Amino acid sequence: MEDSLLAQEIRNKNQAVFCQLVEKYQQKIVHTCYGIIGNMDDARDIAQDVFVDIWQKIDSFRGDSSLSTWIYRIAINKSLNFKKHIHHQQLIDRIELWMGFKEDENVDEKHAMHTCFEIESSEMADVFRKALNTLPENQKTAFTLCKFEELSYQEISEIMKLSLSSIESLIHRAKENMQKKLKAYVKNQY
């Protein structure tokens, strides 16, 4: 079904069509969110929020881009906002602990779970996740969409609202940065 027809059916509150959309995009959206925030449980929660937003805000889809681009844009924005909130909350928790307003010493341990790489428990997966987390946010987002979601540079350009040459540059720099980090790790190990 074409994007415009799909969007119209969802505007008409056709639940069967919406279920088809969820089935088509759910795993992709979960993986995109996970690539940005690094926690599978939170990624699943954010993905649910994405689909709630799609259902509630389908009227805001103007058709300027493809429906998938619009959906990915929602997922990325929600993931980045979540990440900002977590970072802000960690800072508040540390200040409250330091000032003596909180006595819970497990606060940092709880937030450390958000940086765990849950795809595999292998050491290399942890090293890869740490290297990915050191990338600037735009590089990380572009790299995640390219490598994990296998989107084209053009699709990533539309999702991130950046020129195609900017996306090419971001992905190139992300690859170089990841390569340097991983080479340094291997060199230190052997």
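Numbering of residues starts from 1 in every chain and runs along the sequence as written. Whole-chain, interface and lining totals are the exception, using all residues; otherwise, since this is a predicted model, local features are given only for residues with pLDDT of at least 70 and side-chain atom pairs are given and counted only at 80 or more. Note that the side-chain values use all heavy atoms of the structure and ignore hydrogens as well as water.

Trainee: Hey, could you go over the packing of aromatic side chains for me, with residue numbers and the actual values?
Mentor: Only the six-membered ring of Trp is used, alongside the rings of Phe and Tyr, when aromatic pairs are assigned; centres must lie within 6.5 Å, and planes under 30 degrees apart are stacked while those over 60 apart are edge-to-face, with the rest tilted. In the structure shown here, the tally under the stated rule is 3 aromatic pairs. Ring geometry for Phe 61 against Trp 70: centres 5.4 Å apart, planes inclined by 50°, an arrangement best described as tilted. Note on classification: 1.4 Å probe, protein chains only; a residue is buried when its accessible area is under 20% of the maximum for its type, exposed when over 50%, partly exposed between these limits. Phe 61 sits in the buried class, given a relative accessible area of 6%. Exposure remark for Trp 70: the relative accessible area of 11% places this residue in the buried category.

Trainee: Can you tell me about the packing of helix α2 (residues 15–37) against helix α3 (residues 40–57), naming the residues and giving the values?
Mentor: Interaxial angle, 0 to 180 degrees, is taken between N-to-C directions of lines fitted to C-alpha atoms, where a helix line uses only the stretch in contact. Secondary structure elements are taken from DSSP: a helix is a run of H or I of four residues or more, a strand is a run of E of two residues or more, and numbering for both begins at the N terminus. One can describe the packing of α2 onto α3 by two numbers: an axis separation of 8 Å at closest approach and a directional angle of 140°. Considering the angle they form, α2 stands oblique to α3. As α2 packs across α3, the resulting crossing turns out to be right-handed. Counted together, Gln 15, Phe 18, Leu 21, Val 22, Tyr 25, Gln 26, Ile 29, Val 30, Cys 33, Tyr 34 and Ile 37 of α2 and Met 40, Asp 42, Ala 43, Arg 44, Ile 46, Ala 47, Val 50, Phe 51, Ile 54 and Trp 55 of α3 form the full contact between these two elements. Under the grouping applied here, Gly and all other residues not named as nonpolar or charged are polar, the nonpolar ones being Ala, Val, Leu, Ile, Met, Phe, Trp, Tyr, Cys and Pro and the charged ones Asp, Glu, Lys and Arg. Class assignment of the residues belonging to the contact of α2 with α3 gives a composition of 17 nonpolar, 2 polar and 2 charged. Each angle receives one of four descriptions, namely roughly parallel if under 35 degrees, roughly antiparallel if over 145, roughly perpendicular if within 65 to 115, and oblique otherwise. Helix crossings get a hand from a simple test, with the near helix turned counterclockwise from the far one by less than a right angle marking a left-handed crossing and a clockwise turn marking a right-handed one. Should any heavy atoms of two residues lie within 4.5 Å, those residues are considered in contact.

Trainee: Which residues make up helix α1 (residues 3–11), and what values do they have?
Mentor: Three or more residues of α1 are buried, namely Leu 6, Ala 7 and Ile 10. In an axial view of α1, the angular spread of the buried residues amounts to 95°, which keeps them on one side of the axis. Trailing α1 by a residue or two, Lys 13 shows a phi angle of about 65°, which is positive. The arc in question is traced by the directions running from the helix axis to the C-beta atoms.

Trainee: Hey, could you go over unusual backbone geometry for me, with residue numbers and the actual values?
Mentor: One non-glycine residue, Lys 13, adopts positive backbone phi at about 65°. Mapping Lys 13 onto the fold places it in the loop between α1 and α2. Residue classification places Lys 13 among the partly exposed positions, given a relative accessible area of 40%. Positive phi is not limited to glycine here, since Glu 150 has a value of about 55°. With respect to the helices and strands, the residue Glu 150 is situated in the loop between α7 (137–147) and α8 (153–160).

Trainee: Can you lay out the nonpolar core for me, pointing to particular residues and giving the numbers?
Mentor: One finds Leu 21, Ile 29, Ile 54, Ile 71 and Ile 156 to be the most contacted residues of the largest nonpolar core, which totals 40 residues. Those elements that provide at least two residues to this core are α1, α2, α3, α4 (67–99), α7, α8 and α9 (164–189). Here this core takes 11 residues from α2, the largest share from any one element. The residues contacting Leu 21, other than those within four sequence positions of it, are Leu 6, Ile 10, Phe 51, Ile 54, Leu 67 and Ile 71. In terms of nonpolar packing, the next biggest core, distinct from the first, is built from 8 residues, Val 127, Ala 174, Met 178 and Leu 182 among them. What makes a nonpolar core is a set of buried Ala, Val, Leu, Ile, Met, Phe, Trp, Tyr and Cys residues whose side-chain atoms join them at distances within 4.5 Å.

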